[in-house]
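One letter stands for each residue in the lines below.
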Amino acid sequence: MTKISGTALQEHLETLLEVTAFPPPAAFAQSALWKDPDVYAEADADPQAWWDRHARDLHWHHPWDTVLDWSDKPFAKWFVGGKINAAYNCVDRHVEAGRGDRVAFYWRGEEGEEQTLTYSWLHAQVQRAANALVDLGVRPGDVVGIYLPMIPEVVVAMLACARIGAPHNVVFGGFSVESVRERLEESHAKVLITADGARRRGKVHQIKQEIDTVTSSLPDLEHVLVVRRTSVNCPMAAGRDVDWDDALAAANPLAPIQAFDAEHPLFILYTSGSTAKPKGILHTTGGYLVGVAHTTKYIFDLRPETDVFWCSADVGWVTGHSYIVYGPLLNGATSVMYEGAPDYPHRAIWWETVERYKVSIFYTAPTAVRACMSWGAEEPNKHDLSSLRLLGSVGEPINPKAWLWYREVIGGGNCPIIDTWWQTETGQIMIAPVPGITAAKPGCAMRPLPGIKADVVDPDGNPITEGQGLLVLRRPWPGMLRTLYNEPERFVRTYWSRFGPDTYLVGDAARIDADGDIWILGRTDDVINVSGHRLSTAEVESAIVSHPKVAESAVVAQHDEITGQAIVAFVTPVEGTETEGMDHELRDHVAEMIGKLARPKRIIWTYDLPKTRSGKIMRRLLRDIAAGRDLGDVTTLRDPAVMDQLRKLIAERGDSED
Ligand code: WTA
């Protein structure tokens, strides 16, 4: 497609909206790793043999004797008896094979700084960092917290943990220190790796200083390793805090490889569930590595010798774990890592970066595509994006218009669009088109990957052949979570109790169409997906009510053009409180408790919340109010006058966004 924008582009997209499905571009399909649809039947015929075969792409220090032990379901064990080291597979084996000079990451900082990290560089750094952790007393099984910006050290830190069998617990840099505290406390982290400061949109945030306000209440935390990213002065507690550079310089440069059991924990990653308390998703080593190595290779059709891969997520989310760190490195790929936001220092920075490093595979979230779309095609059109050959999407449903814009404007009409559905819990991509095979429908995640079995079921668990229902997964898969850290009952209750221990309840609603293709509709629980980030309504409510001037609160989601969903908070103040001008204060309070990403877009003050006679908050009504929908029957309300008041308030005040 020639580069067009404005009305011509709009008209072009309108005509494409008529197209039902887009087959892979012919040239792509011809040379794709998978082009034979028989892969589905082959995997289905014997899923264990399938995974057995693909697991052999990794290096095992000792082979497994059983692919899957499902006897204690839903607690799965994969590659039982196998011994493996994650860091060895990500780094050492590529260096040993003579590929040490290959670039692992082209790193780009917010201020335009660049660093080229080779596999040899990673090899040296990871060994030193691993030894530095051992010197600080970290032993296999000890949890290490990581709270770092998108800098090379975050990858080194994760791999150093993996090398010595210390599960990492990465906390997204956008979370508040209070969230860090909670996650470190829950996981009993022994060491925290953080930075003096982080650059965000040209400003320096004093992370270490902020962290110091919460570390004293963490009895298990013995040391804080501090990476110097900025020139801010930060306090260092004698005996506890250690400078990263000093620790690495003092450490032995050689760290022998220790092989761990396939089921040894690799990491914990906290994610939001239905309650205020985040869930510690536990992933183990062998199965997770097989799942992410395999999907990175086949779903992105990755050729490590020639491709440049860029997953624009943050390492603090599962997408970053699986498709910035483990998946690409296991495959010996070359990736791009960017420190900043998509519009900093300017709105063409992503496209400038694609051109600069000749990125061939780009993986991002629909919210980013929609934001770029709203900034106009002129920005990407300024750059040569012809190196791109595949585009991926993840994190939330992508609307057909954004899908088409992504395909036409970014992909020039030549790239398959791979809408990948998966979760922190699944570890690996589960439902997606296969790039060389599937004719993809805009907005549709399409089919479970070869070896994966998913269904859309009715409330009794019966499969629906066409229509809307609950998404479930029917068969264990290697990258699956093994449990919730220290909460095995919650693990069973949340995912495996509704339809029995053979059926994993996803928590998403989905529609299956007449062709058997799956359209993800969104969460069915009280989880809000803001810009592809999971937040629980209970978590946000609990942050709001912890404000001294708040009596009660209910949080619901509202559709948002850019972020997919936005948070709307209904708040009842403590009697006698003047709420005029309080919105800012409350938003700042939520930012402090959880992080800026959880700040409500709208705050609606009300003297009461609509409740049933038994006192239950009627969220459906609140969602309707937030969306401006007709409220229907409100006769079961304890105090129907509340609704009138709310309706009036909204009409008067409108949006209260920053
Ligand atoms: C949603 C992110 C539609 C879904 C990898 C899921 C999606 C939750 C898609 C997991 C997609 C993820 N289409 N919805 N392609 N990918 N989701 O744990 O609701 O941060 O349950 O993992 O995001 O979010 P999580």
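Residues numbered from 1 in each chain as written. Predicted model: local features only at pLDDT ≥ 70, side-chain atom pairs only at ≥ 80, totals over all residues. Heavy atoms only, no water.

Novice: Would you take a moment to explain the pattern of salt bridges for this structure?
Specialist: Once their charged atoms are close, side chains differing in charge can pair, the charge on each being opposite to the other. Under the counting rule described, the total for this entry stands at 47 salt bridges. Residue Lys-279 pairs with Glu-425 through a salt bridge whose shortest N-O separation is 3.6 Å. Here the residue Lys-279 occupies a position in strand S15 (residues 279-284), and Glu-425 occupies one in the loop between strand S20 (417-420) and strand S21 (454-457), the gap between them amounting to 146 residues. Judged by its relative accessible area of 3%, Lys-279 is buried. When the shortest N-O distance is used, the salt bridge between Glu-585 and Lys-549 registers 3.4 Å. Of this pair, Glu-585 sits in helix H19 (residues 582-593) while Lys-549 sits in the loop between helix H18 (537-545) and strand S28 (550-560), placing them 36 residues apart in sequence. Note on Glu-585: relative accessible area 34%, which makes it partly exposed. Judged by its relative accessible area of 35%, Lys-549 falls in the partly exposed class. (Salt bridge = Lys/Arg side-chain N within 4 Å of Asp/Glu carboxyl O. Helix = DSSP H or I, 4+ residues; strand = E, 2+ residues; numbered from the N terminus. Buried < 20%, exposed > 50% of the residue type's maximum accessible area, 1.4 Å probe, protein only.)

Novice: Just to check I follow, could you spell out the pairing of strand S17 (residues 334-338) for this structure?
Specialist: Two faces belong to every sheet, and in a regular strand the side chains alternate between them. Of all the five residues making up S17, five are buried; the element is thus mostly covered by neighbouring parts of the structure. Residues of S17 alternate between two faces, with Thr-334, Val-336 and Tyr-338 on one and Ser-335 and Met-337 on the opposite face, all of them buried. Strand direction decides the pairing type here: strand S4 (residues 103-108) and S17, joined by four bridges, are parallel. Bridged to Arg-108 within S17 is Tyr-338. Sheet topology note: the strand S16 (residues 308-311)/S17 ladder contains two bridges and is parallel. (Pairing = 2+ DSSP bridges.)

Novice: I would appreciate a short explanation of the pairing of strand S26 (residues 527-530) in the present structure.
Specialist: Side chains of S26 alternate between two faces, with Val-527 and Asn-529 and Ile-528 and Val-530 buried alike. Here S26 pairs with strand S27 (residues 533-536) via four bridges, running antiparallel. Residue Asn-529 lies in a different strand from S27, and its bridge partner there is Arg-534. Taking the residues between adjacent antiparallel strands as the criterion, S26 and S27 are bridged by two residues, where Ser-531 takes a positive phi near 55 degrees.

Novice: Help me understand the environment of Thr-367, please; the structure alone is not making it clear to me.
Specialist: Summarising the element assignment, Thr-367 is placed in helix H14 (residues 366-375). Remark: the alpha-carbon pair of Thr-367 and Ala-402, spanning 35 residues in sequence, is separated by 9.1 Å. In this view, Thr-367 contacts Glu-396, Ser-531, Ile-562 and Thr-563; residues no more than four positions away in its chain are not counted. (Contact = heavy atoms within 4.5 Å.)

Novice: I would appreciate a short explanation of the packing of helix H4 (residues 47-55) against helix H11 (residues 285-299) in the present structure.
Specialist: When two helices pack together, their arrangement is captured by the angle between the axes and the distance separating the axes. At a minimum axis distance of 10 Å, the contact between H4 and H11 shows a crossing angle of 85 degrees. For the element pair H4 / H11, the angle class is roughly perpendicular. Counted together, Trp-50, Trp-51, His-54 and Ala-55 of H4 and Val-290, His-294 and Tyr-298 of H11 form the full contact between these two elements. In terms of residue class, the contact of H4 with H11 is built from five nonpolar, two polar and no charged. (Axes fitted to C-alpha atoms, helices over the stretch in contact; angles between N-to-C directions. Parallel < 35°, antiparallel > 145°, perpendicular 65-115°, else oblique. Nonpolar A, V, L, I, M, F, W, Y, C, P; charged D, E, K, R; others polar.)

Novice: Is there a simple way to explain the site of the ligand in this structure?
Specialist: The immediate surroundings of the ligand are formed by 17 residues, with Asp-419, Thr-420, Thr-424, Arg-523 and Arg-534 found nearest. Contact between the ligand and Gly-395: a nitrogen atom at 3.1 Å from a main-chain N or O atom of the residue. If you list the elements that add at least two residues to the shell around the ligand, you get helix H12 (318-330), S20 and strand S25 (518-523). (Near = heavy atom within 4 Å. Polar contact = N/O pair within 3.5 Å; in protein donor to acceptor, adjacent residues only side chain to side chain.)

Novice: Would you take a moment to explain empty space enclosed by the protein for this structure?
Specialist: Where empty space is left in the structure can be found by rolling a water-sized probe over the atoms. Applying the stated criterion across every chain, the model contains six cavities of 30 Å³ or more. Of the voids in this model, the largest cavity is the one considered here, and its volume is about 90 Å³. Lining the largest cavity are 15 residues, with Phe-22, Pro-23, Pro-416, Ile-417 and Ala-440 positioned closest to its centre. Partitioning the lining of the largest cavity into residue classes produces 13 nonpolar, one polar and one charged. (1 Å grid on protein atoms, 1.4 Å probe; cavity = no way out; pocket = protein on both sides within 12 Å on 5 of 7 lines; lining within 4 Å. Points joined across faces, edges and corners; volume = space filled by probe spheres on them.)

Novice: I would appreciate a short explanation of the sheet that holds strand S22 (residues 467-473) in the present structure.
Specialist: Across a sheet, paired strands are connected by hydrogen bonds in the backbone, their directions being either parallel or antiparallel. Spatially, the four strands line up as an open sheet ordered S21-S22-S24-S25, and their pairing is antiparallel. Each edge of the sheet is formed by a strand with only one pairing partner; in this case those strands are S21 and S25. Neighbour-to-neighbour, the strand axes of this sheet turn through a mean angle of 45 degrees, independent of strand direction. As paired elements, S21 and S22 share four bridges and run antiparallel to each other. Considered in S22, the bridge of Val-457 is made with Leu-470.

Novice: Sorry if this is basic, but what is going on with the domain arrangement of the protein here?
Specialist: You'll often see interface size given as the accessible area lost when the parts meet. Along its sequence, the protein is organised into domain 1 (6-82 + 280-519), domain 2 (115-258) and domain 3 (526-653). Taking only C-alpha atoms into account, the centre of domain 1 sits 29 Å from that of domain 2. Taken residue by residue, the interface counts 22 residues in domain 1 and 23 residues in domain 2. Here domain 1 and domain 2 share an interface that buries about 2000 Å² over both sides, 66% of which is from carbon and sulfur atoms. Where domain 1 meets domain 2, there are two salt bridges. Where Glu-339 meets Arg-229, a salt bridge forms, and the shortest distance between an N and an O atom there is 2.8 Å. (Domains from an automatic or database assignment. Buried area = accessible area lost by both parts, 1.4 Å probe.)

Novice: Looking at this model, I keep getting lost on the side chain of Thr-284. Mind explaining?
Specialist: Mapped onto the elements of the fold, Thr-284 is located in strand S15. Taking relative accessible area as the criterion, Thr-284 reaches 3% and is therefore assigned buried. Within the local environment of Thr-284, its side chain forms a polar contact with the side chain of Glu-263, the two groups lying 2.9 Å apart. Among the polar contacts listed, one links the side chain of Thr-284 to the side chain of Arg-482, at a separation of 3.3 Å.

Novice: Help me understand the sheet that holds S15 in this model?
Specialist: Spatial strand order, S12-S11-S8-S6-S7-S14-S15-S23: eight strands in an open sheet with mixed pairing. With one partner strand each, in any of the chains shown, strand S12 (241-243) and strand S23 (483-484) form the two edges of the open sheet. As paired elements, strand S6 (residues 144-147) and strand S7 (residues 168-170) share three bridges and run parallel to each other. Of the residues in S7, the one forming a bridge with Val-144 is His-168.

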